[in-house]
Amino acid sequence: AKREGRGRVCFFETGMDRELRDRRLLQHDLRHALEQSEFQVYFQPQARMDGEIIGFEALLRWNHPVRGFVPPDQFIPLAEESGLIIEIGDWVLRETCRQAASWPRPLQVAVNLSPVQFQTGDLERSIHQILLETGLAPTRLEVEITEGVLIGDFTRALNLLRRLKALGIHIAMDDFGTGYSSLSYLQSFPFDKIKIDRSFILNLEATPQSAEIVRAVLSLAHALHIPVVAEGVETEAQRAFLQREACEVMQGYLIGRPEPIERYADLIGINVER
Ligand code: C2E
Ligand code: CA
Ligand code: CA
Ligand code: CA
């Protein structure tokens, strides 16, 4: 509030006030999103270079009653700050495993895990419980982690990853190349997959550096016998480049967007009349 002339008070908001207030409002609504069934899991296909679909990444969607779809990049950080990500993360895991267990074709399914789920909560027990409950084979589940998981209590996170791997769950290193120490983490843990960040694929044609980085990541991963997923493949030129460079798996709008699994009924082995 600011005094304007005599006795008049004028309220105004700066851009920052508005942003802060908006975050608080969203955070408030987020608390009720689970019980109001406003979340949905979308699935984005992953394909081998010959086009064969080998699995899906589960991506969370929040359909807000007033705002419509709120992007995960906006609400995941809020859920992490408030600790709600523990409950939401459990829900995503359960919902994803429940759905995947019902698919006629036993395809892989990848779930994103937040660093907060590693630090607090009982992630191992949750995953164990959810696998038992849904009957999904652990080998069909993949968890995607970013280097944020390994920053903080490194030893604890590492031990947890080892125990998950011992259950048969696959561990993928997400957003590879964007962090500070992606390379050193490859040394500490035998990842089952490396996902090259979308930003490198995006610039593949425009910047020669990106092409060289992608080549280098592929050659490094192959030397370590770790298969690579290229994220954000949108064009045929990108696909062709990745195939030439012997990338194993691709994911992106060229193959398919994140959608409710019904849209991919034929891929999971459900016959649909056309
Ligand atoms: P991410 O794990 O790196 O997921 C890939 C993102 O790239 C997704 O965005 C996906 O829709 C998008 N994408 C895939 N292919 C293409 C493409 O060809 N072009 C373009 N432009 N984009 C593509 P989305 O779904 O908005 O998710 C954003 C981020 O939110 C994810 O990044 C992940 O970090 C986080 N997230 C999503 N769902 C969950 C979840 O269930 N749990 C947690 N902890 N994080 C999640
Ligand atoms: Ca991911
Ligand atoms: Ca990613
Ligand atoms: Ca990302």
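Refer to the structure above for everything that follows.
Here is a short report on the structure shown in this document.

About the cut-offs
- Residues numbered from 1 in each chain as written.
- Chains lettered and ligands numbered in written order.
- Predicted model: local features only at pLDDT ≥ 70, side-chain atom pairs only at ≥ 80, totals over all residues.
- Heavy atoms only, no water.
- Donors = N, O, S within 2.8 Å, 3.2 Å for Na, K, Ca; no water.
- Helix = DSSP H or I, 4+ residues; strand = E, 2+ residues; numbered from the N terminus.
- Buried < 20%, exposed > 50% of the residue type's maximum accessible area, 1.4 Å probe, protein only.
- 1 Å grid on protein atoms, 1.4 Å probe; cavity = no way out; pocket = protein on both sides within 12 Å on 5 of 7 lines; lining within 4 Å.
- Points joined across faces, edges and corners; volume = space filled by probe spheres on them.
- Nonpolar A, V, L, I, M, F, W, Y, C, P; charged D, E, K, R; others polar.
- Salt bridge = Lys/Arg side-chain N within 4 Å of Asp/Glu carboxyl O.
- Contact = heavy atoms within 4.5 Å.
- Polar contact = N/O pair within 3.5 Å; in protein donor to acceptor, adjacent residues only side chain to side chain.
- Pairing = 2+ DSSP bridges.

Here we look at the coordination of the calcium ion (ligand 2)
So, step 1. The calcium ion (ligand 2) binds to the protein through Glu 57 (OE), Asn 112 (OD1), Glu 144 (OE) and Asp 174 (OD); the donor distances cover 2.1 to 2.4 Å.
So, step 2. Separating the calcium ion (ligand 2) from the calcium ion (ligand 3) is a gap of 3.8 Å, bridged by Asp 174, which donates to each. Taken together, the residues span a long stretch of sequence, with Glu 57 in strand 4 (residues 53-64) and Glu 144 in strand 7 (residues 141-145) at a distance of 87 residues. Of the two residues, Glu 57 and Glu 144, neither departs from the other in class, the shared state being buried.

Section: the layout of surface pockets
The probe, sized like a water molecule, is rolled over the atoms to show the empty space still left.
So, step 1. A volume near 1,300 Å³ is recorded for the largest pocket.
So, step 2. For the lining of the largest pocket, the secondary structure elements donating two or more residues are strand 4, strand 5 (68-70), helix 2 (72-82), helix 3 (85-101), helix 4 (115-119) and strand 8 (170-176).
So, step 3. Within the lining of the largest pocket, the residues separate by chemical class into 17 nonpolar, 13 polar and 13 charged.

With respect to the pattern of salt bridges
So, step 1. Under the counting rule described, the total for this entry stands at 16 salt bridges.
So, step 2. With a closest N to O distance of 3.4 Å, Asp 50 and Arg 48 form a salt bridge.
So, step 3. Among the ionic contacts, a cluster of salt bridges with common partners joins Glu 57, Glu 144 and Lys 195.

Observations concerning the environment of Glu 57
So, step 1. Look at Glu 57 and you get buried, because its relative accessible area is 5%.
So, step 2. Sequence-wise, Glu 57 and Val 41 are 16 residues apart; in three dimensions their C-alpha atoms are separated by 9.7 Å.
So, step 3. Contacts of Glu 57, omitting those with residues within four sequence positions, involve Tyr 42, Phe 43, Gln 44, Gln 46, Ala 110, Asn 112, Glu 144, Lys 195 and Gln 251.
So, step 4. Within the structure, the side chain of Glu 57 is placed 2.8 Å from the side chain of Asn 112, a separation counted as a polar contact.
So, step 5. Within the local environment of Glu 57, its side chain forms a polar contact with the side chain of Gln 251, the two groups lying 2.7 Å apart.

A word on the pairing of strand 4
Moving residue by residue along a regular strand, the side chains alternate between the two faces of the sheet.
So, step 1. Of all the twelve residues making up strand 4, ten are buried; the element is thus mostly covered by neighbouring parts of the structure.
So, step 2. Linking two consecutive strands that pair antiparallel, namely strand 3 (residues 39-48) and strand 4, is a turn of four residues; a positive phi of about 100° is found at Gly 51 within it.
So, step 3. In this sheet, strand 6 (residues 108-112) lies alongside strand 4 in parallel orientation, the contact comprising four bridges. By the bridge assignment for strand 6, Gly 55 is matched with Gln 108.
So, step 4. With three bridges joining them, strand 4 and strand 5 adopt antiparallel strand pairing. Bridge pairing links Asn 63 to Phe 69 in strand 5.
So, step 5. In this structure, the hairpin formed by strand 4 and strand 5 is closed by a connection of three residues.

Some remarks on empty space enclosed by the protein
So, step 1. Counting across every chain of the model gives one cavity of 30 Å³ or more.
So, step 2. Every residue lining the largest cavity is listed: Phe 118, Gln 119, Val 149, Ile 151, Gly 152, Asp 153, Arg 156 and Ala 157.
So, step 3. Those elements that provide at least two residues to the lining of the largest cavity are helix 4 and helix 6 (154-166).
So, step 4. Grouping the constituent residues of the lining of the largest cavity by class yields four nonpolar, two polar and two charged.

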